[in-house]
Amino acid sequence: MTNEHNATQLNAGRIVYIRPIAVADLPDDLRQKANGLVTLYAIGSETGERLALVRDRDLAFVVARQNDLTPVSVH
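Let me begin by describing the structure that accompanies this report. (Residues numbered from 1 in each chain as written. Predicted model: local features only at pLDDT ≥ 70, side-chain atom pairs only at ≥ 80, totals over all residues. Heavy atoms only, no water.)

**Observations concerning the overall build of the protein chain**
Thinking step 1. From N to C terminus, the protein chain includes 3 helices and 4 strands.
Thinking step 2. Ordered by position in the sequence, the α and β elements of the protein chain form the string α-β-α-β-β-α-β.
Thinking step 3. When burial is assessed residue by residue, the protein chain has 23% of its 75 residues classed as buried.
Thinking step 4. Restricting the contact set of the protein chain to residue pairs at least 6 apart, pairs at least 24 apart contribute 43%.
Thinking step 5. When the accessible surface of the protein chain is split by element, carbon and sulfur atoms take 48% of a total near 5,600 Å². (Helix = DSSP H or I, 4+ residues; strand = E, 2+ residues; numbered from the N terminus. Buried < 20%, exposed > 50% of the residue type's maximum accessible area, 1.4 Å probe, protein only. Contact = heavy atoms within 4.5 Å. Areas by Shrake-Rupley, 256 points an atom, 1.4 Å probe, with all protein chains shown as cover.)

**Re the nonpolar core**
Thinking step 1. With 8 residues, the main nonpolar core is built from Val 16, Ile 18, Tyr 41, Ile 43, Val 54, Ala 60, Phe 61 and Ala 64.
Thinking step 2. With 3 residues, helix α3 (residues 57–66) is the single largest residue contributor to this core.
Thinking step 3. The contacts of Phe 61, once residues within four sequence positions are left out, are Ile 18, Pro 71, Val 72 and Ser 73.
Thinking step 4. By size, the runner-up hydrophobic cluster in this structure holds 6 residues, among which are Ile 21, Ala 34, Leu 40 and Ala 42. (Core = buried A, V, L, I, M, F, W, Y, C linked by side-chain atoms within 4.5 Å.)

**Some points on unusual backbone geometry**
Thinking step 1. The phi angle at Asn 35 is positive, at roughly 50°, despite the residue not being glycine.
Thinking step 2. Along the polypeptide, Asn 35 turns up in the loop between α2 (28–33) and β2 (39–44).
Thinking step 3. Looking at Asn 35, the relative accessible area reads 68%, which means it is exposed.

**Some details on the pattern of salt bridges**
Thinking step 1. Counted under the stated rule, the structure contains 2 salt bridges.
Thinking step 2. When the shortest N-O distance is used, the salt bridge between Arg 31 and Asp 28 registers 1.8 Å. In this pair, Arg 31 and Asp 28 are both assigned in helix α2, 3 residues apart and thus about one turn of the helix distant.
Thinking step 3. For Arg 31, a relative accessible area of 33% translates into the label partly exposed.
Thinking step 4. The residue Asp 56 makes a salt bridge to Arg 55 at a minimum N-O spacing of 3.6 Å.
Thinking step 5. Overall, Asp 56 belongs to the partly exposed group, its relative accessible area being 28%. (Salt bridge = Lys/Arg side-chain N within 4 Å of Asp/Glu carboxyl O.)

Encoded structure:
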C-alpha cells in the first residue's frame, strides 16, 4: 500500500503569522508593560487571533518553532 502525504494537509492549522505591532496602538495596560519599546512582534493564527506578543522578530520565530508551528513573516 502506498502512503501519499500532502504537505498542505500536514501543515494545516500549523502556520502562524509574525508581524510588527506599534506599541502606541496597544491598549494602555500592554503599553505599560512594553518597557519603552516602540515595536513588538505579534504571533497570530491563521484566523487572525493574536497568540502572543514578543520583544523582537527573531524571538517570535523561535517561540513559534518551539511550539511546532511554522512562522511566516507578514509585511
